[in-house]
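One letter stands for each residue in the lines below.
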Amino acid sequence: MNNKHRYLQFSLLFFLSWTTYIIFAINDINFTKERLSDASLSEGNSSSAFIVGNKESAGSHIFWHEVVPAGNTDQFYRRFPDGETINISDSINSNGDIHSRYSKTIVGDDGIPHRLWIEETGTAEGYDVFYWTPELGTVLLTDRTQSEGSPNIPAPRFRMDLDDLGKAHIFWNESDGSQVWFYWNAHAKETVEIINYGGVQYLEGIAYSFFTYESKIYLWDSENNENEIIYEMDDSIDGYPVILGAYPLENGQFDIYFTHNTFDNPSGNPMPCLSYVNSQAKVMETLLTAEIGCGFSISSFRRDDLGNHHAVLTFRDNDKVYLGYWNETLTEPIDIQPEGTFFTGRYGSSVSSDGEFQIAWISRNGSTLEDIYYWNSSMSGSAKNISATLLGDQIIPSSGRYSIHTSDSGIMHILWQEITDAYSPYSELIYWRSDWDTALSLDQEINVRFDAFPTYAVDHNDNLYLVYRGEDSQGQKGLHFWDGSEQVNTFLQDEDGLVTFKYYFDFTSTHKAHLTWRQDTNIFYWNSMDGTTHVTDEASELNFNVPVFLVNELDQVLITNYQANTANEGDDLFIFWSDVPEDILNETNKVYLPIIQK
């Protein structure tokens, strides 16, 4: 069957399936409620709660903030289900307030949580950096004997990673009249000052960082805490190197790929444009050169599982930008930009394990019209205009939403909004996959109208699932779920009384979609097997925060929200959790008897 007939068959099945709509009634999934706030530790007024977990290990971790008797905001933690509420703020070193915006949490593969945050100290130094993990407790990282400066608040100056051994490595910047960087790791447990750092990789617990300064490429590692010059540009060329990627070899060696951002080349010799250097041999090899100027910049540089590299390049001609592609089998980049169009800068790309590169991007055709194009390295022809395959030229608003996702099977899924009528502000939702010939209007195929860009997921069979607000063909307005595997639309909640448009969506292989949302002061939970459950039993006590939600490794649902405390302590934090689904519980509790041979 050819592609065209396959699409027609899909469309017919799709259309017929949409004669059925499902409305789930309220069921009685058992939710247990428990207060997390401990009145002996704080004055209540809980805020900034979130849940993190790891699907590969048992247990979930809940962090939140509360006002303590001293009047400051401290940080609290509870491991679910068997932990106790503890205050992880360090009142010995700092009596300041938590800065929730400048914090980071990572759960390692071993299930251990790592928490990093900035706290006002109440001293002349201003701010301190703290790290916490159950293994070490709370650690003050800011060594006041080294600097009287405070961490530079913007988040890009503040990072934490876990290495290949599961230990934390932390970098931050302090301002004491100069830009000073500091580093700490959970191996040495010592704060040291470093000159600079860039991209970081970890080999056997050692951090390696590559960065450029002036016309040089440097390598820094945490074992020696020294900056080593790997490459220096020729004095005859005015410019500096830009690192694209560093790939580990063995024994701490790396191949570093970079471009030469040059301003002037008075020598007249062919210019290196794309090169690499080995961190040990320190010998540069050039991959791309140009006679006059490189004339391009590299927006994306990827490596496939075979060790081959793929680059997305952009070329500028006056005020227009054009798109190109290069890999190591090509002596020169190739132009993939359709004639008469120019690149807007919005795109998504991927490389499969066997080295096939694919990219989808938005190009402008004239002053207002925009189209979405697709190209892969196996195509013999030019790029395909996938938005023009539906209804012809359409307007994709510059402010319109779009999403490009590549599944595990290598199929690219694209959702975008289009204005099909220049005189109407209404945007239509369009869907396309890289194994299809023609795009679909989901508004028309599902026969619904979307109020906003939906939340979506793709399963291992490349079925699309949508959670959206809108109106279906039966006139039902509110929250809906579309099951792409069954091609069934489910109406979940009427829009009346929905105070917020925010909801939480998770996706698991056993129960497909999980959702939780708040209507007025009520919390509801729904999954695609059991339907809807009214979670809260004391609706009048709930405040108007959106519930926080997690599905753990056993498909057990955890929901937190704040409720007013009758002792006038302020809002306390509560958790609601569901039973483990019976099918998973039965599977977990199976008893296998030995085989007795006669």
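Residues numbered from 1 in each chain as written. Predicted model: local features only at pLDDT ≥ 70, side-chain atom pairs only at ≥ 80, totals over all residues. Heavy atoms only, no water.

Visitor: Could you clarify how one ought to interpret the overall build of the protein in this entry?
Guide: Summing up its helical and strand segments, the protein has four helices and 48 strands in all. The buried share of the protein, reckoned over its 598 residues, is 50%. Here the analysis covers contacts within the protein between residues at least 6 apart in sequence; of these, 43% occur between residues at least 24 apart. (Helix = DSSP H or I, 4+ residues; strand = E, 2+ residues; numbered from the N terminus. Buried < 20%, exposed > 50% of the residue type's maximum accessible area, 1.4 Å probe, protein only. Contact = heavy atoms within 4.5 Å.)

Visitor: Explain the side chain of D255 here, please?
Guide: The residue D255 is located in strand β22 (residues 254-264) in this model. Buried charge D255 goes without a salt bridge, the closest partner of opposite sign being R303 at 5.8 Å. Reaching out from D255, the side chain makes a polar contact with the side chain of N278 at a distance of 3.4 Å. Residues contacting D255, with those up to four places away along its chain left out, are G245, A246, Y247, L249, Y276, V277 and N278. (Lys, Arg positive; Asp, Glu negative; His and termini not counted. Salt bridge = Lys/Arg side-chain N within 4 Å of Asp/Glu carboxyl O. Polar contact = N/O pair within 3.5 Å; in protein donor to acceptor, adjacent residues only side chain to side chain.)

Visitor: Explain the sheet that holds strand β28 (residues 334-335) to me, please; I cannot follow it from the model alone.
Guide: The strands making up a sheet associate through hydrogen bonds between their backbones, and the pairing can be parallel or antiparallel. Here we have four strands laid out as an open sheet, ordered β25-β26-β27-β28, and antiparallel in their pairing. At either end of the open sheet lies a strand with only one pairing partner, and these are β25 (296-303) and β28. Examined bridge by bridge, β25 and strand β26 (residues 309-317) share seven bridges and lie antiparallel to one another. Paired with S300 across the bridge in β26 is V312. (Pairing = 2+ DSSP bridges.)

Visitor: Help me understand the side chain of H514 in this model?
Guide: Within the secondary structure, H514 sits in strand β43 (residues 512-519). Note on H514: relative accessible area 0%, which makes it buried. At 2.8 Å, the side chain of H514 and the side chain of Y525 are in polar contact. Excluding residues that lie within four positions of it along the chain, H514 makes contacts with Y504, F505, D506, T508, Y525, W526, N527, F549, V551, D555 and V557.

Visitor: Please explain the pattern of salt bridges as it appears in this structure.
Guide: A side chain with one charge can pair with a side chain of the opposite charge if their charged atoms come near. Scanning the entire structure with this criterion turns up nine salt bridges. In this structure, K216 and E232 form a salt bridge, with 3.7 Å as the shortest nitrogen-oxygen distance. One end of the pair, K216, is in strand β19 (residues 216-221); the other, E232, is in strand β20 (residues 226-232), and 16 residues separate them in sequence. Exposure remark for E232: the relative accessible area of 41% places this residue in the partly exposed category. Note that D435 and R433 form a salt bridge whose closest N and O atoms lie 2.7 Å from each other.

Visitor: Sorry, what's going on with the sheet that holds strand β4 (residues 47-53) here?
Guide: Overall, antiparallel pairing links the four strands, which are arranged β4-β5-β6-β7 in an open sheet. Two strands close off the open sheet at either side, each with one partner strand: β4 and β7 (86-87). Note: strand β5 (residues 60-67) against strand β6 (residues 73-80), eight bridges, orientation antiparallel. In the sheet register, W64 faces β6, and the bridge partner there is F76.

Visitor: Even after reading the chapter, I still don't get the pairing of β26, so can you show me in this structure?
Guide: Taken together, β25 and the strand that follows it, β26, pair antiparallel across an intervening segment of five residues, in which G307 is found at a positive phi of about 90°. Taken together, the eight bridges between β26 and strand β27 (residues 320-327) define a ladder with antiparallel strand orientation. The partner of R316 across the bridge, within β27, is V321.

Visitor: Could you clarify how one ought to interpret the packing of aromatic side chains in this entry?
Guide: Two aromatic rings, taken as a pair, are described by how far apart their centres are and by the angle between their planes. Summed over all chains, the structure comprises 32 aromatic pairs. Relative to W132, the ring of Y77 has its centre 4.6 Å away and its plane inclined at 50°; by these criteria the two rings are tilted. Note that Y77 is positioned in strand β6 and W132 in strand β10 (residues 127-133), a separation of 55 residues in sequence. For Y77, a relative accessible area of 6% puts it in the buried group. For the ring pair Y257 and Y276, a centre distance of 5.1 Å and an interplane angle of 25° mean the geometry is stacked. Here the residue Y257 occupies a position in strand β22, and Y276 occupies one in strand β23 (residues 271-278), the gap between them amounting to 19 residues. (Phe/Tyr/Trp six-rings, centres within 6.5 Å; stacked < 30°, edge-to-face > 60°.)

Visitor: Any chance you could explain the pairing of strand β39 (residues 464-471) here in plain terms?
Guide: A regular strand places its side chains on the two faces of the sheet in alternate fashion. Counting buried positions along β39 gives seven out of eight residues, so the element sits mostly inside the fold. Sheet topology note: the strand β37 (residues 449-450)/β39 ladder contains two bridges and is antiparallel. Directly across from F450, in β39, lies its bridge partner G470. As judged from the four bridges shared by strand β38 (residues 455-458) and β39, these two strands associate in the antiparallel manner. Opposite V458, over in β39, you have L464 as the bridge partner. Bridge analysis of β39 against strand β40 (residues 477-483) gives seven bridges, and the strand direction is antiparallel. If you follow E471 over to β40, its bridge partner there is K477. Following β39, the chain reverses through five residues before pairing antiparallel with β40; G475 in that reversal takes a positive phi of roughly 80°.

Visitor: Help me out: how do you make sense of the nonpolar core in this one?
Guide: For soluble globular proteins, the rule of thumb is that nonpolar side chains tend to be buried together. Ranked by internal contacts, the top residues of the largest apolar core, which has 26 residues, are I414, W416, W432, L442, F450 and L466. Put simply, the parts of the chain that give this core at least two residues each are β30 (357-365), β31 (369-376), β34 (412-418), β35 (428-433), α3 (442-446) and β39. Grouped together as the second largest cluster of nonpolar side chains are 17 residues, F158, A168, I170 and A186 included. (Core = buried A, V, L, I, M, F, W, Y, C linked by side-chain atoms within 4.5 Å.)

Visitor: What exactly am I supposed to notice about the environment of G96 here?
Guide: Along the chain, G96 falls in the loop between β7 and β8 (98-107). Distance from G96 to T73, taken between C-alpha atoms, is 7.5 Å for residues 23 residues apart in sequence. When near neighbours in sequence (up to four residues on either side) are disregarded, G96 contacts N72, T73, D74, E119, E120 and T121.

Visitor: So what exactly am I meant to see when it comes to a negative patch on the surface here?
Guide: A cluster of acidic side chains, namely D451, E471, D494, E495 and D496, defines a negative patch on the protein surface. Examined against the element boundaries, D496 turns out to sit in the loop between β41 (488-494) and β42 (504-508). (Patch = residues over 30% accessible without salt bridge, like charges linked within 9 Å, V, L, I, M, F, W, Y side chains within 5 Å. Areas by Shrake-Rupley, 256 points an atom, 1.4 Å probe, with all protein chains shown as cover. Charge placed at Lys NZ, Arg CZ, Asp CG, Glu CD.)

Visitor: Would you explain the environment of G478 in this entry?
Guide: Position of G478 relative to the elements: it lies in strand β40. Each C-alpha atom of the pair G478 and Q493 lies 5.6 Å from the other, and the pair is 15 residues apart in sequence. With near-sequence residues (within four places) excluded, G478 lies in contact with Y468, R469, G470, F491, Q493, D494 and E495.

Visitor: Explain unusual backbone geometry to me, please; I cannot follow it from the model alone.
Guide: Leave glycine aside and you will find that most residues have negative phi; peptide bonds, for their part, are mostly trans. Between F80 and P81 the backbone carries a cis peptide bond, its omega angle lying at 10°. Following the sequence through the fold, P81 ends up in the loop between β6 and β7. Positive phi values are uncommon outside glycine, yet K189 reaches one of about 55°. By secondary structure assignment, the location of K189 is in the loop between β15 (179-185) and β16 (192-194).

Visitor: Looking at this model, I keep getting lost on the confidence of the model for the protein. Mind explaining?
Guide: Reading fine detail from the predicted coordinates is not recommended where pLDDT is low. With 78% of its residues at a pLDDT of 70 or more, the protein has an overall mean of 80. When mean pLDDT is compared element by element in the protein, β19 scores highest at 94, while helix α1 (residues 3-17) scores lowest at 33. Residue range residues 588-598 is modelled with pLDDT below 50. Its contacts to residues more than four positions away, or to other chains, number one contact. (pLDDT = per-residue confidence, 0-100.)

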